[in-house]
There are 2 protein chains.
Amino acid sequence: MSSIVKILVVDDDPDIIEILRYNLSLAGYQVKTASNGKEAVKKAKLFLPEIILLDIMMPEMDGIEACTQIKLLPSLKKTIIIFLSARSEDFTQIAAFDAGGDDYITKPVKPKILLRKIRSVVKRLHSDIDENTKIELGNIIIDRNEYLVKIDNNNINLPRKEFELFFLLASRSGKVFTRDEIMNKVWGTNVIVGDRTIDVHIRKLREKIGDLRFKTVKGVGYKFVQ
Amino acid sequence: MSSIVKILVVDDDPDIIEILRYNLSLAGYQVKTASNGKEAVKKAKLFLPEIILLDIMMPEMDGIEACTQIKLLPSLKKTIIIFLSARSEDFTQIAAFDAGGDDYITKPVKPKILLRKIRSVVKRLHSDIDENTKIELGNIIIDRNEYLVKIDNNNINLPRKEFELFFLLASRSGKVFTRDEIMNKVWGTNVIVGDRTIDVHIRKLREKIGDLRFKTVKGVGYKFVQ
DNA sequence: AATTTAATCAAAACCTTATTAAAATACTTT
DNA sequence: AAAGTATTTTAATAAGGTTTTGATTAAATT
């Protein structure tokens, strides 16, 4: 469902490209780059990024123009464009919004701000996901919105990882989740932890939710049964 | 509910003031004027306009600065500020949005455009009035209009940030707000403050509103519970 | 029976939040 | 403009919970 988020970074300054690429890659995004508007449009068509970071002042074709063109392409209509602009630029940057830009970041770009902005954009993108925010199975309610688990109306406190794991297993009760799947979904692809970690979390869940509900399928994985 | 809409027009050019005043009055709005930023802030405080048309380049205090100051006043927080700017102005107009501006019109101002914009703003004003303005949860009342919190009929004074944070959490009681969400909604995406800042504000709220009402969900965020 | 995989447990490592007090900012009042 | 007051942010440390590991034991599979 939510694959890796693709970001196209466009700037004519290689240093800035590098800074952005570094920070974004580290944060787990898939990054491609372009160094002018023309190239940006071309690469955007192929790469189909969810987000484009677009410098305004560039040779060949400026960011505003590129933005306008990109926004005209059906396949990129939903792409979110964030402008990069130097505070001092003598430029009607308001045009950026006219052109269909969604947000902007002023240079120098602070990594923290950048990443927060991206995160919030990504969340906006995936916001229809949190429709699936509540699972009800008989006497069990798992509400991700409130981070709450209720069994027969008794609240059960689950720490974060346990909750995520439970939520995952319960999201398709009966289905066997392999250890790999669990790893990827709960821990993400960027961390490495030993195998015992999953076992221990399953054990905690068994203690709190009920021994019989978490079935081990040896050699394969675990499943939640009602 | 919808009394006459008050508009404050700010420009250093008397001719422009007159044009705007004429058109707006004719359309049925109540208009006051100021000719520089300083005067604008002063008059805004008294007049409490719903809308301010604000020139950017002015003597004494420019429009950006005035906007910033106005937006900081609780009583004018909801005021919509529309900037007037010459398209040719050598100016970082993005600063206008940083300062909290809501829209802009380029000079020369065309009456039709102006009035259309005003009408759409007025519509916006009247549509989300009451919507996001007052929260009542049992014995707690949070009124954003008046920046007021009442518990069992006792007024509680919350400074700006604490109020915003409280308002956010209470707007969906039960829901866990992540730190990112809180940051974005209360502090905005263009400032960076450390993580402890949120903690400290939560602590203040716990002191003033009640310890048990703000639940920490470790690793996730905070929620307000009734 | 040998091998592989999972369960259990407690200790260690790790992280996140709470709490202060002090510093920095912003706002008022004179 | 200056002094005083309130608010917001930071920094450092304490407190507490969560997560992971590693050793050992148990169970299933071949």
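Parameters at a glance
- Residues numbered from 1 in each chain as written.
- Chains lettered and ligands numbered in written order.
- Predicted model: local features only at pLDDT ≥ 70, side-chain atom pairs only at ≥ 80, totals over all residues.
- Heavy atoms only, no water.
- Helix = DSSP H or I, 4+ residues; strand = E, 2+ residues; numbered from the N terminus.
- Buried < 20%, exposed > 50% of the residue type's maximum accessible area, 1.4 Å probe, protein only.
- Contact = heavy atoms within 4.5 Å.
- Axes fitted to C-alpha atoms, helices over the stretch in contact; angles between N-to-C directions.
- Parallel < 35°, antiparallel > 145°, perpendicular 65-115°, else oblique.
- Left-handed = near helix turned anticlockwise from the far one by under 90°.
- Nonpolar A, V, L, I, M, F, W, Y, C, P; charged D, E, K, R; others polar.
- Near = heavy atom within 4 Å.
- Polar contact = N/O pair within 3.5 Å; in protein donor to acceptor, adjacent residues only side chain to side chain.
- Phe/Tyr/Trp six-rings, centres within 6.5 Å; stacked < 30°, edge-to-face > 60°.
- Lys NZ or Arg CZ within 6 Å of the ring centre and 35° of its normal.
- Core = buried A, V, L, I, M, F, W, Y, C linked by side-chain atoms within 4.5 Å.
- Pairing = 2+ DSSP bridges.
- Right-handed = clockwise from strand over helix to strand, strands pointing away.

### Side note on the overall build of chain A
Right, so step 1: Tallying secondary structure elements over chain A gives 8 helices and 12 strands in all.
Right, so step 2: In chain A, which comprises 226 residues, the share counted as buried stands at 45%.
Right, so step 3: Partitioning the intrachain contacts of chain A with sequence separation of at least 6 by distance along the chain shows that 57% fall at a separation of at least 24.

### Overview of the packing of helix α1 (residues 14-26) of chain A against helix α5 (residues 111-125) of chain A
Residues and elements named next belong to chain A.
Right, so step 1: Interaxial distance between α1 and α5 falls to 11 Å at its minimum, and their mutual angle equals 55°. Taken together, the axes of α1 and α5 lie oblique to each other. Pair α1 / α5 crosses with right-handed handedness. For the pair α1 and α5, contact is made by L20, N23 and L24 and by P111, L114, L115 and I118, respectively.
Right, so step 2: Split by residue class, the contact of α1 with α5 holds 6 nonpolar, 1 polar and no charged.

### Brief notes about the protein's contact with DNA strand C
Right, so step 1: The full set close to DNA strand C counts 21 residues, and T216 and Y222 of chain A together with R203, T216 and Y222 of chain B are the nearest of them.
Right, so step 2: By atom count, sugar and phosphate contribute 66% of the portion of DNA strand C lying within 4 Å of the protein.
Right, so step 3: Side-chain polar atom of R206 of chain A to a phosphate oxygen of DNA strand C: 2.9 Å apart, as the coordinates give it.
Right, so step 4: The side chain of R179 of chain B places a nitrogen or oxygen atom 2.8 Å from a phosphate oxygen of DNA strand C.
Right, so step 5: Mapped onto the surface near DNA strand C, the elements with two or more residues apiece are α8 (196-209) of chain A together with α8 (196-209) of chain B.
Right, so step 6: Along the lines of polarity and charge, the residues of the surface near DNA strand C split into 5 nonpolar, 4 polar and 12 charged.

### Things to note about the protein's contact with DNA strand D
Right, so step 1: Every one of the 25 residues lining DNA strand D counts as a neighbour, but W187 and G194 of chain A together with K161, W187 and G194 of chain B are closest to it.
Right, so step 2: Here the atoms of DNA strand D within 4 Å of the protein split so that 69% fall in sugar or phosphate, with bases taking the remainder.
Right, so step 3: Side-chain polar atom of T197 of chain A to a phosphate oxygen of DNA strand D: 3.2 Å apart, as the coordinates give it.
Right, so step 4: Secondary-structure elements contributing two or more residues to the surface near DNA strand D are α6 (160-171) and α8 of chain A together with α6 (160-171) and α8 of chain B.
Right, so step 5: When its residues are assigned to classes, the surface near DNA strand D shows 8 nonpolar, 7 polar and 10 charged.

### Describing the packing of aromatic side chains
Right, so step 1: Tallied over the entire structure, the rule returns 10 aromatic pairs over all chains.
Right, so step 2: In this structure an aromatic cluster arises from ring pairing among Y147, F163 and F167 of chain A.
Right, so step 3: Of note, R144 of chain A hangs over the ring of F167 of chain A, and the distance from its end group to the ring centre comes to 4.4 Å.
Right, so step 4: Positioned above the aromatic ring of F177 of chain B, the side-chain terminus of K175 of chain B is 4.6 Å from the ring centre.

### Describing the packing of helix α2 (residues 37-47) of chain B against helix α3 (residues 63-72) of chain B
Residue and element names in this part refer to chain B.
Right, so step 1: Where α2 contacts α3, the two axes come as close as 9 Å, and the packing angle between them is 20°. Between α2 and α3, the crossing angle belongs to the class labelled roughly parallel. Relative to α3, the crossing made by α2 is right-handed. On α3, the residues that touch G37, V41 and A44 of α2 are A66, Q69 and I70.
Right, so step 2: Of the residues that constitute the contact of α2 with α3, the class distribution is 4 nonpolar, 2 polar and no charged.

### So, the nonpolar core
Residue and element names in this part refer to chain A.
Right, so step 1: One finds I142, V149, F166 and I182 to be the most contacted residues of the largest nonpolar core, which totals 31 residues.
Right, so step 2: Those elements giving two or more residues to this core turn out to be β6 (134-137), β7 (140-143), β8 (148-151), α6, α7 (179-187), α8 and β12 (221-224).
Right, so step 3: Top contributing element to this core by residue count: α6, with 7 residues.
Right, so step 4: Among all residues touching I142, those that are not within four sequence positions of it are T133, K134, I135, L148, V149, F163, F166, F167 and A170.

### A look at the sheet that holds strand β6 (residues 134-137) of chain B
Residue and element names in this part refer to chain B.
Right, so step 1: One open sheet holds the 4 strands; their spatial order is β6-β7-β8-β9, and the pairing between them is antiparallel. The open sheet is flanked by β6 and β9 (154-156), the only strands paired with a single partner. Looking at each pair of strands side by side, their axes are set apart by 20° on average, direction ignored.
Right, so step 2: Relative to strand β8 (residues 148-151), strand β7 (residues 140-143) is paired through 4 bridges, and the arrangement is antiparallel. Within β8, the position partnered with D143 by the bridge is L148.

### Digging into the pairing of strand β2 (residues 30-34) of chain B
Residues and elements named next belong to chain B.
Right, so step 1: Bridging between strand β1 (residues 6-10) and β2 involves 5 bridges; their strand directions are parallel. Paired with V9 across the two strands is T33, which belongs to β2.
Right, so step 2: Traced from β1 through helix α1 (residues 14-26) to β2, the parallel crossover comes out right-handed.

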